[in-house]
Amino acid sequence: MYQKYFDKFNEIAKISTASNSVSRAAFSSEDYELRKYIIKLLKKNNLEVFVDEIGNIFGCTAQNKTKKTIMLGTHIDTGSEDGKYSGIVGVLAGLAAIEFLTKKKVGENIVLAVFVGKEYFKDNDFVGARFFAGDNAMLEVVDTNEDYAKFLSCEKIMLKNNFFQEIDYFLEVIMEDGNNLILANKQIGIVNYLTSATICSVFIEGETSSSANIGVEKRHDALVSAALVINEINDIALARCEDGVLATVTNINVLPGAYNKVPARVELSLEVRGKNNEDIVTCLQEIKDAISSVTEVQDVTISLKVKTAETIVAMSAELNDKIIHSCQECKLSIENLGYAFDQLGLIIGKAKAVAVIVLPNKGGITHNKAEKLELQDFNNGVAVLEHLISHKILQS
């Protein structure tokens, strides 16, 4: 039914620095190229296009003050070596639904929002969404980027303070990061909560010396200690995985990082995720205890610093009920997955009600070229959006 939009996944995937996967960093030339492409699609659907001060794109139907405002949110930037569906699925599903609704002259207030910098950018994520929610410090994050100015030149700018003072519903169409829907043989998923990573840095301070003259038994090697810390974190994560707790070391920086030098200092980037704040706090305490044991054995100094910690956000039970109703009317099976990670609904504070519509992932993994969305699953997601809006369910 929506083949022409589904076909655009392959077309858009070519806008990437990687050849066999998708890499499209925020504020890169590839990101800018796709922004221009998306704006053309928005205009083709007779949407009025605005770009705010940080570069978020908004495609808007004709606004009627007597109607509720429905925002469909998504992003188009990716991490390194991602798949071709994550993020962009929300754009294409939203556009497909809007085209149908426009032809039917439904007349609702619909905004398709494309938020800039959702993936990690200069030690920040959700950059555009945080700005939209009121965090003006995000302007300082992007202002130093040489490509930032041209991002604002796409279209006219609507000042944020006068823009969408009230959003009644915020909906994001996503792919499941996992295979629970496939295993349950369900066509649509919803969640009760959204959660994001608590991001930390672990610092290991040893002592540098010549690697040619000092015996291994006499060294205070920060890298050896870091390896022990990583193993401890992995053991803790394995023990807690059934509770839905995830702990991952994502990066390692070693100094001096030179020939004939014993590593003196290591910084580990650590992400901890969980279903609730208590689980995250408990996991971090277990990691701190493990770090203390490594410190005693290795005679090095190790510290852990929490950089960002997100609050877990509850989805709207009322909006979830409306999605369930639309699925029943569309004869689509639905599963409550409980929670999802790292979605824009965590940040959008202006919306009265937030929910995500989750589509099955035949690949069972996202942010990887193995992720796979079927045409029928894409059609089902669009059908739910259409039904929610065209049958006035969101206006009731």
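In the block above lies the structure referred to throughout.
What you see is a predicted model, and the numbers here were worked out from it, not measured in a lab.

S.K.: Can you help me understand the overall build of the protein in this one?
M.R.: When helices and strands are tallied, the protein shows twelve helices and 15 strands. In terms of overall dimensions, the protein is globule-like: its C-alpha atoms have a radius of gyration of 23 Å, near the 21 Å expected for 396 residues. Its C-alpha atoms give the protein principal-axis dimensions of roughly 80 × 45 × 40 Å. When contacts within the protein are restricted to residue pairs at least 6 apart in sequence, those whose partners lie at least 24 apart make up 80%. Where the 41 positive side-chain charges of the protein centre and where its 53 negative ones centre are 9 Å apart.

S.K.: Looking at this structure, how should I read unusual backbone geometry?
M.R.: For residues besides glycine, phi is generally negative; the peptide bonds are generally trans as well. Omega for the bond connecting leucine 255 with proline 256 falls within 30 degrees of zero, at 5°, which places this linkage in the cis form. Examined against the element boundaries, proline 256 turns out to sit in the loop between β9 (246-255) and β10 (265-273). Within the chain, asparagine 46 stands out as a residue other than glycine whose phi angle is a positive 60°. Overall, asparagine 46 belongs to the exposed group, its relative accessible area being 64%.

S.K.: When you look at the sheet that holds strand β7 (residues 193-195) in this model, what are you seeing that I'm missing?
M.R.: An order of β12-β7-β14 is seen for the three strands of this open sheet, with the pairing classed as mixed. Strands with a single pairing partner mark the edges of an open sheet, and in this sheet they are β12 (313-314) and β14 (339-341). For β7 and β12, the ladder comprises two bridges, and the chain directions are antiparallel. Counterpart to tyrosine 193 in the pairing with β12 is alanine 314.

S.K.: Would you mind going over the sheet that holds strand β11 (residues 301-308) with me for this structure?
M.R.: Working definition: the strands of a sheet are paired by backbone hydrogen bonds and lie parallel or antiparallel to each other. Read from one edge to the other, the open sheet built from four strands follows the order β9-β10-β8-β11, with strand pairing classed as antiparallel. This sheet does not close on itself; its edge strands, each paired only once, are β9 and β11. Neighbour-to-neighbour, the strand axes of the sheet open up by a mean angle of 20°, direction not taken into account. Relative to β11, strand β8 (residues 198-205) is paired through seven bridges, and the arrangement is antiparallel. Paired with isoleucine 199 across the two strands is threonine 308, which belongs to β11. Against the sheet, helix α9 (residues 222-240) engages β8, β9, β10 and β11, with an angle of about 10° to β10. Taken strand by strand, helix α10 (residues 277-298) contacts β8, β9, β10 and β11, and its axis lies near 160° from that of β11.

S.K.: I keep staring at the nonpolar core and nothing clicks. Help me out?
M.R.: One recurring pattern in soluble globular proteins is that nonpolar side chains are buried together. Judged by nonpolar contacts, the single largest core of 57 residues is most densely connected at Ile38, Leu171, Ile357 and Phe378. Element by element, the count of residues in this core is highest for helix α4 (residues 88-103), at ten residues. When sequence neighbours within four positions are dropped, the list of residues in contact with phenylalanine 378 reads Tyr2, Tyr5, Phe6, Phe9, Val89, Leu92, Ala93, Leu359 and Leu373. The next biggest cluster of nonpolar side chains, apart from the first, holds 27 residues, and it includes Cys60, Ala113, Met315 and Ala351.

S.K.: Can you walk me through the pattern of salt bridges in this structure?
M.R.: Pairing between side chains of opposite charge can happen when their charged atoms approach one another. Taken as a whole, this structure holds twelve salt bridges when the rule is applied. Glutamate 374 is the salt-bridge partner of lysine 362, the closest N and O atoms lying 3.9 Å from each other. With lysine 362 in the loop between β15 (351-359) and α12 (375-390) and glutamate 374 in the loop between β15 and α12, the pair connects residues that are twelve residues apart, well separated along the chain. Judged by relative accessible area, which is 45%, lysine 362 ranks as partly exposed. Take glutamate 374: its relative accessible area is 26%, and that puts it in the partly exposed class. Through salt bridges that share partners, Arg240, Asp243, Asp279 and Glu286 make up one connected network.

What counts, and at which threshold
- Residues numbered from 1 in each chain as written.
- Predicted model: local features only at pLDDT ≥ 70, side-chain atom pairs only at ≥ 80, totals over all residues.
- Heavy atoms only, no water.
- Helix = DSSP H or I, 4+ residues; strand = E, 2+ residues; numbered from the N terminus.
- Rg over C-alpha atoms; globule rule 2.2 N^0.38 Å.
- Contact = heavy atoms within 4.5 Å.
- Lys, Arg positive; Asp, Glu negative; His and termini not counted.
- Charge placed at Lys NZ, Arg CZ, Asp CG, Glu CD.
- Buried < 20%, exposed > 50% of the residue type's maximum accessible area, 1.4 Å probe, protein only.
- Pairing = 2+ DSSP bridges.
- Axes fitted to C-alpha atoms, helices over the stretch in contact; angles between N-to-C directions.
- Core = buried A, V, L, I, M, F, W, Y, C linked by side-chain atoms within 4.5 Å.
- Salt bridge = Lys/Arg side-chain N within 4 Å of Asp/Glu carboxyl O.

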